[in-house]
Amino acid sequence: MYSGHVLVAEDNPSNQMLIQLLLKKLGFETTMADDGQIAVDIYDSKPFKIILMDMMMPNMNGYEATQTLRKRGVTTPIVAVTANAMKGDREKCLEAGCDEYISKPITKDSLEKVISLFVKPDNQGDVDMSDDGVAKINQDAGPIISDLASDPDLYIVAEMFVDRLGEIIGNVKQALASEDSKALKDLFHEIKGAGGSAGFQILTDKSAAIEKLILDDNKEERNAAIEEFFKICDRVQATAEVA
Ligand code: MN
């Protein structure tokens with residue numbers, strides 16, 4: 001997990017939403033600028049660790065905004081975000097003063113990969129930290145969008161999983177009612193494997209924790225964790241469904 005602020009210059013509302021959600025998953029707080037001029041204007045408002053810069057924006061595009069920031073002596077890493085994957089695009093972005101380049105559609109993996117080149121994560125592998133991260137996500141009542149939502153080839157995996165989720169929850173409730181520990185354990189073992197594959201790492205994390213509580217025969221904590229799991233399931237969505 002990461003922490004701190006990221007400045008995002010992006011004019012498209014869907015991309016804004018996706019980037020903001022992905023950054024949140026990584027632990028970042030996002031400050032959104034609708035165009036390059038706004039990004040330049042608000043740059044000084046927070047100690048940004050990195051800037052994600054869409055190159056095609058109205059008023060002031062990403063090339064101009066990057067050049068303006070560099071002329072002002074700003075050394076914060078700037079990652080160009082562009083829909084073009086044409087030869088020479090990367091060079092054009094680097095020439096403008098960007099440090100790296102990421103092409104749309106952005107995925108959690110591609111974003112994390114490019115950010116990890118410039119920003120250090122907080123205590124990686126610390127179990128308490130990841131628990132904190134999950135707890136933080138749970139406090140939020142908003143939708144949990146699959147990491148695969150932006151992938152035109154893979155989002156179908158998330159849709160299939162979400163379609164099956166009602167049935168899975170029904171089976172969990174049945175196993176709970178009959179106190180069938182073996183069935184419960186098998187169900188959460190299955191969700192542990194399938195959740196992450198469908199782009200819902202939070203379900204994999206939760207299922208792993210519940211599996212442990214089932215093995216420990218800790219019924220009180222197990223039931224509380226499963227209640228929480230149901231609430232998370234209510235919020236998962238295959239795509240952002242931007243109307
Ligand atoms: Mn744009």
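Here's what I pulled together on the structure shown here.

Conventions and cut-offs
- Residues numbered from 1 in each chain as written.
- Predicted model: local features only at pLDDT ≥ 70, side-chain atom pairs only at ≥ 80, totals over all residues.
- Heavy atoms only, no water.
- Helix = DSSP H or I, 4+ residues; strand = E, 2+ residues; numbered from the N terminus.
- Expected span 1.5 Å × (residues − 1).
- Buried < 20%, exposed > 50% of the residue type's maximum accessible area, 1.4 Å probe, protein only.
- Donors = N, O, S within 2.8 Å, 3.2 Å for Na, K, Ca; no water.
- Phe/Tyr/Trp six-rings, centres within 6.5 Å; stacked < 30°, edge-to-face > 60°.
- Lys NZ or Arg CZ within 6 Å of the ring centre and 35° of its normal.
- Patch = residues over 30% accessible without salt bridge, like charges linked within 9 Å, V, L, I, M, F, W, Y side chains within 5 Å.
- Areas by Shrake-Rupley, 256 points an atom, 1.4 Å probe, with all protein chains shown as cover.
- Salt bridge = Lys/Arg side-chain N within 4 Å of Asp/Glu carboxyl O.
- Axes fitted to C-alpha atoms, helices over the stretch in contact; angles between N-to-C directions.
- Left-handed = near helix turned anticlockwise from the far one by under 90°.
- Contact = heavy atoms within 4.5 Å.
- Nonpolar A, V, L, I, M, F, W, Y, C, P; charged D, E, K, R; others polar.
- Pairing = 2+ DSSP bridges.
- Right-handed = clockwise from strand over helix to strand, strands pointing away.

Considerations on helix α9 (residues 201-215)
For α9, with 15 residues, the first-to-last C-alpha span of 21 Å sits near the 21 Å given by 1.5 Å per residue. Where α9 is concerned, the buried positions are Ile202, Leu203, Thr204, Lys206, Ser207, Ile210, Glu211, Leu213 and Ile214. Backbone geometry just after α9 places Asp217 at a positive phi near 60°.

Brief notes about the coordination of the manganese ion
Bound to the manganese ion on the protein side are Asp11 (OD), Asp54 (OD) and Met56 (O), at distances that span 2.1 Å. All donors to the manganese ion come from one chain, and their sequence spacing reads D-x42-D-x1-M. You can see Asp11 sitting in the loop between β1 (5-9) and α1 (13-26) and its partner Asp54 sitting in strand β3 (residues 48-54), a full 43 residues away along the chain. The exposure class assigned to Asp11 is partly exposed, which follows from its relative accessible area of 31%.

Some remarks on the packing of aromatic side chains
Taken as a whole and assessed by the stated rule, the structure comprises 5 aromatic pairs. With 5.0 Å between their ring centres and 25° between their planes, Tyr2 and Phe28 make a pair best called stacked. Taken together, the residues Tyr2 in the segment before β1 and Phe28 in the loop between α1 and β2 (29-33) connect sequence positions 26 residues apart. With 5.0 Å between their ring centres and 75° between their planes, Phe188 and Phe229 make a pair best called edge-to-face. With Phe188 in helix α8 (residues 181-197) and Phe229 in helix α10 (residues 219-235), this pair connects stretches of sequence that are 41 residues apart. Overall, the relative accessible area of 0% leaves Phe188 in the buried class. Judged by relative accessible area, which is 0%, Phe229 ranks as buried. Following the ring pairs from residue to residue traces out a cluster consisting of Phe188, Phe229 and Phe230. One residue, Lys173, lies across the ring of Phe230, its end atom 5.0 Å from the ring centre.

Some points on a nonpolar patch on the surface
On the surface, a nonpolar cluster with roughly 340 Å² of combined accessible area is contributed by Leu154, Ile156, Val157 and Met160. Among the secondary structure elements, Val157 is positioned in helix α7 (residues 155-177).

A closer look at the pattern of salt bridges
Here the structure, examined in full by the defined rule, presents 11 salt bridges. For the salt bridge of Glu228 with Lys206, the shortest nitrogen-to-oxygen distance reads 3.2 Å. Residue Glu228 is found in helix α10, and its partner Lys206 is found in helix α9; the two are separated by 22 residues along the sequence. For Glu228, a relative accessible area of 27% corresponds to the partly exposed category.

What about the packing of α1 against helix α5 (residues 108-116)?
Remark: α1 packs on α5, axes separated minimally by 10 Å, with the N-to-C direction vectors making an angle of 65°. Helix-helix and strand crossings are classified by hand; for α1 and α5 the assignment is right-handed. Of the residues in α5, those touching α1 at Leu22, Leu23, Lys25 and Leu26 are Lys108, Leu111, Glu112 and Ile115. Of the residues in the contact of α1 with α5, the class split is 5 nonpolar, no polar and 3 charged.

Comments concerning the pairing of β2
Sheet topology places β1 next to β2; 5 bridges connect them, and they run parallel. Across the sheet, His5 pairs through a bridge with Glu29, a residue of β2. In this view, the connection linking β1 to its parallel neighbour β2 by way of α1 has right-handed handedness.

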